[in-house]
Amino acid sequence: MSKLKLGIPKGSLQDATIQLFDRAGYHIYVHSRSYFPSIDDPEIECMLIRAQEMARYVQDGILDVGLTGRDWVLENDADVHTVCGLVYAKQSFSKVRWVLAVPEDSPVRSAKDLQGKTVATELVGVTRRYLQERGVTATVEFSWGATEVKPPVLADAIVEVTETGASLRAHQLRIVDTVLESHTQLIAHRAAWADAAKREKIETIALLLNAAIAAHGRVALMLNVKKSELDAVLAVLEALKRPTISALSDPEWIAVNTVIEERRVREIIPRLKAAGAQGIVEYPLNKVVL
């Protein structure tokens, strides 16, 4: 198999993507002034590409596989194979929204109120289709950045991406509607996906990245318990599948290992202690859950 050409999104998703790969067991090293990071897998070569352009380069076969948002796949109307969705963003493990927003004192209450108005956005194609579906004729202008500052002088409304809405609120903007919900996707060139060796490699990457996301927000618990109190402890535990139970040197005691959501730890540990668990150890899942 020739090397798999992997596109890493340059820009806001870059650091989050490299951290995700690290948790999945792939170590990517970005070199100063270079668009070709190194990776500790001899079967992969990386290239930094802006997320907005990724789908086009994957479609054209310049890259075999890449990570970009669903929004940019739709914006480019790209003919690619979607391997899987990967729900993470630059600030959190969550989806993002492209929203229609206007100044807080604007009379606009719905998309229909934008008839004959001007909308600024980086997501021009998707926004035009959104307005057309609602029978609205408006001017949609491409925004080169700092989109939040354009209303009301340079535009009547904007369509902008947000995770938390904090930036919009800081600019005294009000969300009118959600135009598109998006998340990161692993996409592949159709010929690369049809190649058995490359497809196997891509599926392995997808498996490990999804496992790394699954590990986020979960911790492992190890504890010891008397056999006579095992049922009471198991009634407290919540596992991804089933707890692992192992014998100890003392035949009256056993070890229990499980994985739970981190936010439940402070609730569950006191209950475990009350049920008879001893020697409870908590540690984070820094890598993957399969």
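Our structure's up above, just so we're on the same page.
Everything numeric here is computed off the predicted structure, so don't read it as measured data.

As for the side chain of Ser143
The residue Ser143 is located in the loop between β9 (139–142) and β10 (157–162) in this model. Looking at Ser143, the relative accessible area reads 2%, which means it is buried. Within the local environment of Ser143, its side chain forms a polar contact with the side chain of Lys150, the two groups lying 3.0 Å apart. Leave out the neighbours within four places in its chain, and Ser143 touches Ala120, Thr121, Glu122 and Lys150.

Regarding the sheet that holds β10
The strands that make up a sheet are held in pairs by hydrogen bonds between backbone atoms, and each pair lies either parallel or antiparallel. The strand order β9-β8-β10-β7-β11 describes an open sheet built from five strands, whose pairing is mixed. The open sheet has two edge strands, β9 and β11 (173–182), and neither has a second partner. Geometrically, the sheet is characterised by an average inter-axis angle of 25 degrees between neighbouring strands, direction not taken into account. Note that strand β7 (residues 96–103) and β11 share eight bridges and pair antiparallel. Note on β11: the bridge partner recorded for Trp98 is Leu180. Across the sheet, helix α4 (residues 124–133) lies against β7, β8 (118–121), β9, β10 and β11, angled at about 170 degrees from β9, the strand it touches most.

Focus: a nonpolar patch on the surface
Side chains of Met222, Val281 and Tyr283 sit close together on the surface and give an oily, nonpolar patch of about 240 Å² of accessible area. Relative to the elements of secondary structure, Val281 occurs in strand β16 (residues 278–284). Taking the relative accessible area as the measure of exposure, Val281 reaches 42% and is therefore partly exposed.

Quick word on unusual backbone geometry
Following Pro151, the chain continues into Pro152 via a peptide bond in cis, with omega recorded as 0 degrees. Among the secondary structure elements, Pro152 is positioned in the loop between β9 and β10. Phi is positive for Arg33, close to 65 degrees, though the residue is something other than glycine. Along the chain, the position of Arg33 falls in the loop between β2 (28–29) and β3 (38–39). Even without a glycine there, the phi angle at Asp77 is positive, about 50 degrees.

Conventions we followed
- Residues numbered from 1 in each chain as written.
- Predicted model: local features only at pLDDT ≥ 70, side-chain atom pairs only at ≥ 80, totals over all residues.
- Heavy atoms only, no water.
- Helix = DSSP H or I, 4+ residues; strand = E, 2+ residues; numbered from the N terminus.
- Buried < 20%, exposed > 50% of the residue type's maximum accessible area, 1.4 Å probe, protein only.
- Polar contact = N/O pair within 3.5 Å; in protein donor to acceptor, adjacent residues only side chain to side chain.
- Contact = heavy atoms within 4.5 Å.
- Pairing = 2+ DSSP bridges.
- Axes fitted to C-alpha atoms, helices over the stretch in contact; angles between N-to-C directions.
- Patch = residues over 30% accessible without salt bridge, like charges linked within 9 Å, V, L, I, M, F, W, Y side chains within 5 Å.
- Areas by Shrake-Rupley, 256 points an atom, 1.4 Å probe, with all protein chains shown as cover.
- Salt bridge = Lys/Arg side-chain N within 4 Å of Asp/Glu carboxyl O.

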